[in-house]
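# Geometric and topological summary
Take a look at the letters that make up each chain.
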Amino acid sequence: MRIVVAELRAGELAITGDDHHYLGRVRRVRVGDPVELVDGRGHRAAVTIIAMTETETRVEVGAIESVIEPRPYLRVMLPLIKGDRMDYALEKLVEVGANEVIVWMAERSVVRLDPAKRTARLAHYAAVIEGAAKQSGRATIPSVSYAELRPALRGLPAGARYVLDASAQRVELATADDLTIISGPEGGLAPIELDQLATAGFAGLCLGPTTLRADTAPVVAVAVIRNR
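The structure displayed is predicted, hence computed values, not measured ones.

### Some thoughts on the overall build of the protein
Along its length, the protein carries 6 helices and 12 strands. The principal-axis extent of the C-alpha atoms belonging to the protein is close to 60 × 40 × 30 Å. Across the 228 residues of the protein, 43% fall into the buried class. Carbon and sulfur atoms form 51% of the exposed surface of the protein, whose accessible area is close to 11,700 Å². Here the protein contributes 28 positively and 29 negatively charged side chains, and the mean placements of these two sets differ by 3 Å.

Written out as structure tokens, the structure is:
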């Protein structure tokens, strides 16, 4: 069992709210049972439940471990995807090792994001990512944000950059500490977007002879890079 806490420190710690309910009502833990706590910023600790009341679960935190994320730092620029496939892509990107997701609205995206609903949508995406991080045992919770393409490209740090393109020639992945992958929506990337990406230094990356779905391609790309 893994719980995310805002602050991880040695000594006694109280778990309240939904996490307390999850431990007591869903998992039915008891005093003496072990639980793993993470702070989402690269720290975790194995703790023991020492008391449970109606409103809180108290645990004793011992040694806190710092978890170093593997290199490179992997950033995925994920277009808005139709229906539950967006949640699926976010979940699987976390599981295979993405460090950051930038959601963007491509010209050919079927889904359009109303600015008035953007905050709520991003909160939903963040919850999906946190759940996936808990399930997959990650001590660091990947970040998620929204950006238009041009500002996002201007804000990228130095590093390797790839655009997923089924027509691209096979390339050797660069050795870099920071790597950005961008993928297209169901209808593919528009010519103007491909031009912008080429100007920003993105090289084409082909994942094989078949065309992958919008929710599958970035997940496969991250898995391939992490397995490199």
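### Details of helix H3 (residues 118-136)
Each turn of an α-helix holds 3.6 residues, which means side chains three or four residues apart point in the same direction. With 19 residues, H3 should cover 27 Å at 1.5 Å per step; its first-to-last C-alpha distance of 27 Å lies within 8% of that length. For H3, every residue scored as buried is listed here: Tyr125, Val128, Ile129, Ala132 and Ala133. Axial view of H3: buried residues confined to an arc of 135°, hence all on one face. Seen from the buried face of H3, the exposed residues on the opposite side, beyond 90 degrees, are Thr119, Ala120, Ala127 and Gln135.

### Re the sheet that holds strand S10 (residues 160-164)
Read from one edge of the open sheet, 6 strands run S9-S8-S7-S11-S10-S12, paired in parallel fashion. Edge positions in the sheet fall to strand S9 (143-146) and strand S12 (203-205), since each has one partner strand and no second. Between one strand axis and the next, the sheet turns through 25° on average, direction left out of account. The pairing of strand S7 (residues 73-79) with strand S11 (residues 178-182) spans 5 bridges and is parallel. Residue pairing for S11: valine 76 is matched across the bridge by isoleucine 181. Running at roughly 175° to S7, helix H2 (residues 85-96) makes contact with S7 and strand S8 (100-104) of the sheet.

### Some words on unusual backbone geometry
Backbone torsion omega between arginine 71 and proline 72 reads 5°, so that peptide bond is classified as cis. Looking at where proline 72 falls in the secondary structure, it is placed in the loop between strand S6 (65-66) and S7.

### A word on helix H6 (residues 217-226)
Three or more residues of H6 are buried, namely Ala217, Pro218, Val219, Ala221, Val222 and Ile225. Turning to H6, the residues buried within the fold contact S7, H2, S10 and S11.

### Details of the pattern of salt bridges
In this structure the tally under the stated criterion is 15 salt bridges. Close ionic contact of glutamate 130 with lysine 134 constitutes a salt bridge, the shortest N to O distance being 3.7 Å. Within this pair, glutamate 130 and its partner lysine 134 are both found in helix H3, separated by 4 residues, close to a single helical turn. Judged by its relative accessible area of 30%, glutamate 130 falls in the partly exposed class. Bridged by salt links that share partners, the residues Glu12, Glu56 and Arg58 form one connected network.

### Let's talk about the packing of H2 against H3
Where H2 contacts H3, the axes come no closer than 8 Å and their chain directions differ by 40°. Judged on the interaxial angle alone, H3 and H2 are oblique. Here H2 runs over H3; the crossing is right-handed. When H2 is examined against H3, the residues Met86, Asp87, Leu90, Glu91, Val94 and Glu95 are found in contact with a partner set consisting of His124, Tyr125, Val128, Ile129, Ala132, Ala133, Gln135 and Ser136. By residue class, the composition of the contact of H2 with H3 is 8 nonpolar, 3 polar and 3 charged.

### Some remarks on the environment of methionine 52
Among the secondary structure elements, methionine 52 is positioned in strand S4 (residues 43-52). Judged by relative accessible area, methionine 52 falls into the partly exposed class, the value being 29%. C-alpha of methionine 52 to C-alpha of glycine 24: the two residues are 28 residues apart in sequence and 8.2 Å apart in space. Leaving out residues up to four positions away in the same chain, methionine 52 has contacts with Gly24, Val29, Arg30, Val31 and Thr57.

### Regarding a nonpolar patch on the surface
The grouping of Leu207, Leu212 and Val224 at the surface amounts to a nonpolar patch, some 200 Å² of accessible area in total. With respect to the helices and strands, the residue leucine 212 is situated in the loop between S12 and H6.

### Describing the environment of aspartate 87
With respect to the helices and strands, aspartate 87 occurs in helix H2. A relative accessible area of 22% places aspartate 87 in the partly exposed class. Residues aspartate 87 and valine 128, spaced 41 residues apart in sequence, show a C-alpha to C-alpha distance of 6.7 Å. Here aspartate 87 is in contact with His124, Tyr125 and Val128, once residues within four sequence places are set aside.

Rules of the game
Residues numbered from 1 in each chain as written. Predicted model: local features only at pLDDT ≥ 70, side-chain atom pairs only at ≥ 80, totals over all residues. Heavy atoms only, no water. Helix = DSSP H or I, 4+ residues; strand = E, 2+ residues; numbered from the N terminus. Buried < 20%, exposed > 50% of the residue type's maximum accessible area, 1.4 Å probe, protein only. Areas by Shrake-Rupley, 256 points an atom, 1.4 Å probe, with all protein chains shown as cover. Lys, Arg positive; Asp, Glu negative; His and termini not counted. Charge placed at Lys NZ, Arg CZ, Asp CG, Glu CD. Expected span 1.5 Å × (residues − 1). Arc of directions from axis to C-beta. Pairing = 2+ DSSP bridges. Axes fitted to C-alpha atoms, helices over the stretch in contact; angles between N-to-C directions. Contact = heavy atoms within 4.5 Å. Salt bridge = Lys/Arg side-chain N within 4 Å of Asp/Glu carboxyl O. Parallel < 35°, antiparallel > 145°, perpendicular 65-115°, else oblique. Left-handed = near helix turned anticlockwise from the far one by under 90°. Nonpolar A, V, L, I, M, F, W, Y, C, P; charged D, E, K, R; others polar. Patch = residues over 30% accessible without salt bridge, like charges linked within 9 Å, V, L, I, M, F, W, Y side chains within 5 Å.

No statement about biological role is implied by the geometric values presented.
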